[in-house]
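# Summary of the model geometry
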Amino acid sequence: MIKQSENADITSLTTFGITAGCGSLFEYDTDSDLAALHSQGVFRRPYITLGGGSNLLFVNGFYPGAVITSRNDSVTWRGLDTDFPLMECGAALQLDRACSLAAEAGLWGLENLSGIPGSVGGAAVQNAGAYGAEFADAAVTLKVFDTRTGQTAEMPAANCGYGYRTSIFKAPENSGRYIITAVTFRLSRPCRANLSYRGLTEALGYDEITAEAASALTPRQIRTAVLAVRDRKLPDPSKAGSAGSFFKNPVVSADEYQQIICLSGMEPSGHRLPDGSIKLSAAWLIDKAGCKTLTCGGAALWPSQPLVLVNASGATGADVATLAAEVSARVRQRFGVTLTPEVIYIR
Ligand code: EPU
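Owing to the predicted nature of the structure, the values given are computational and were not obtained by experimental measurement.

### Considerations on empty space enclosed by the protein
Going through the model one piece at a time under the given rule, you end up with 1 cavity of 30 Å³ or more. Size it by volume and the largest cavity reaches roughly 40 Å³. Considering the residues around the largest cavity, the lining is formed by E88, T141, L142, K143, E154, A182, V183 and T184. Those elements giving two or more residues to the lining of the largest cavity turn out to be β10 (139-146) and β12 (178-186). When grouped by side-chain class, the residues that make up the lining of the largest cavity number 3 nonpolar, 2 polar and 3 charged.

Pasting the structure below:
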């Protein structure tokens, strides 16, 4: 069924908690609902798709077009009696709910993604990730509605061009074209503990962990450790609205890295990628560019993780956008590095 509301308040549909509205809001349940909207011509006028609203900034507080959002938070299990069960989740299911269900069932694959705000559909667009894991590591197939043709198709996750916070769904030529309506994750009963993120081992109570101790861990223990690390570093979404990391960690070549050292006289924190390039810590750059205490209206940086811009008190979309621009400008001036927002600006 489709629920249509005009001049709708969508503040509660985004994680920033910034007052936002839209021309029309369409909440749908099934792929046939989307086909009906297609027949009505909804996709021929300006529209955006909203998942968990965890990666969007409504810069002007009002989007005049249509906002399309799923209400399908169903979960269907297949092959639960096998070693690699499949969990199909509706796009509206909170990603953390999927993580919790998998961990509680003793199944590996989503535990490191625990606590990431937003929906399964939103995670599929930007390949949400944290603590050494990404959405794409566990996803096997996506159900995708094509707003050009009005048809739904199954797409293997391997064909979705997943990379660091990116996918074919973010490519400019596909902008708005596809709506992800469901995702199937392949989980594992045999142990798949991923402790690649330094800090997780520590949160589990070990200085060093032996292979034997790691193989005795449960997905629930890792989930608990991940939630504890997040709790220490990131704002509690119920207290300060945010969109998680506001910027991506910039990737530079080895030559560019040397230039940054010459320009700044500092050696930026980062890590080398397999191709020899270096992924810099945006949090470090922001901190060392002296931005941590910057504010604009009600917008501020989160003290223990300055990569996260927060709605500290009654911020507007413009406050956040102005603050982000100021942070970018200072980082560019200090290090010659351009920060790219991970957050999508809606105007
Ligand atoms: N740091 C400072 N000053 C500070 C705080 C941190 O310099 O005041 C530096 C330190 O160098 C530290 C680093 O920042 O090493 C912190 O890095 P952390 O491991 O916390 O994560 P990140 O690289 O900043 C990424 C993701 C997060 C994800 C974490 C953990 C991006 C853009 N962000 O952040 O994702 O949770 O790793 O895996 O890749 C998100 O995308 O919304 C998000 C929160």
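### Topic: the environment of H38
In this fold, H38 is placed in helix α1 (residues 31-39). Residue class for H38 comes out partly exposed when judged on its relative accessible area of 21%. For the pair H38 and L227, spaced 189 residues apart in sequence, the C-alpha separation works out to 40 Å. Once residues lying within four places of it in the same chain are set aside, the contact partners of H38 are F43, F145, T147, R148, T149 and G150. Of the polar contacts made by the side chain of H38, one reaches the backbone oxygen of T147; its length is 3.3 Å. A polar side-chain atom of H38 sits 3.3 Å from the main-chain carbonyl oxygen of R148.

### Describing the environment of C291
Along the polypeptide, C291 turns up in the loop between α9 (282-288) and β17 (295-296). Looking at C291, the relative accessible area reads 0%, which means it is buried. Residues C291 and L323 lie 32 residues apart in sequence; the distance between their C-alpha atoms is 9.6 Å. In this structure, C291 is in contact with I286, L301, V327 and R330, ignoring residues within four places of it in sequence.

### Some words on the pairing of strand β18 (residues 299-302)
Both β17 and β18 contribute to a ladder of 2 bridges, which runs antiparallel. Each residue of the ladder has a partner; that of C296, found in β18, is A299. Counted along the chain from β17 to the antiparallel partner β18, the turn is 2 residues long, and its residue G297 has a positive phi close to 55°. Two elements, β18 and strand β19 (residues 305-311), share 4 bridges in a ladder whose sense is antiparallel. Of the residues in β19, the one forming a bridge with W302 is Q305. Between β18 and β19, which pair antiparallel in sequence order, lie 2 residues.

### Section: the nonpolar core
Grouped together as the largest cluster of nonpolar side chains are 47 residues, with contacts concentrated most on L110, L142, V183 and F185. Sorting the residues of this core by element identifies β7 (86-90), α2 (95-104), α3 (120-126), α4 (135-138), β10, β12, α7 (219-233) and β19 as the ones contributing at least two each. Within the second largest apolar cluster, 35 residues are counted, among which are L285, A315, V320 and A324.

### A few points about the layout of surface pockets
Quantified by volume, the second largest pocket comes out at close to 290 Å³. Together, 16 residues line the second largest pocket, and W108, G109, D137, A138 and R192 are the ones closest to its centre. In the lining of the second largest pocket, the residues fall into 8 nonpolar, 4 polar and 4 charged.

### A short note on unusual backbone geometry
The phi dihedral of N7 is positive, around 45°, even though this residue is not glycine. When you line up the elements, N7 lands in strand β1 (residues 3-9). N7 sits in the exposed class, given a relative accessible area of 61%. Here R165, not a glycine, exhibits a phi torsion of approximately 50°, which is positive. Positionally, R165 belongs in the loop between β11 (151-156) and β12.

What counts, and at which threshold
Residues numbered from 1 in each chain as written. Predicted model: local features only at pLDDT ≥ 70, side-chain atom pairs only at ≥ 80, totals over all residues. Heavy atoms only, no water. 1 Å grid on protein atoms, 1.4 Å probe; cavity = no way out; pocket = protein on both sides within 12 Å on 5 of 7 lines; lining within 4 Å. Points joined across faces, edges and corners; volume = space filled by probe spheres on them. Helix = DSSP H or I, 4+ residues; strand = E, 2+ residues; numbered from the N terminus. Nonpolar A, V, L, I, M, F, W, Y, C, P; charged D, E, K, R; others polar. Buried < 20%, exposed > 50% of the residue type's maximum accessible area, 1.4 Å probe, protein only. Contact = heavy atoms within 4.5 Å. Polar contact = N/O pair within 3.5 Å; in protein donor to acceptor, adjacent residues only side chain to side chain. Pairing = 2+ DSSP bridges. Core = buried A, V, L, I, M, F, W, Y, C linked by side-chain atoms within 4.5 Å.

All quantities given are derived from atomic positions and should not be read as evidence of function.
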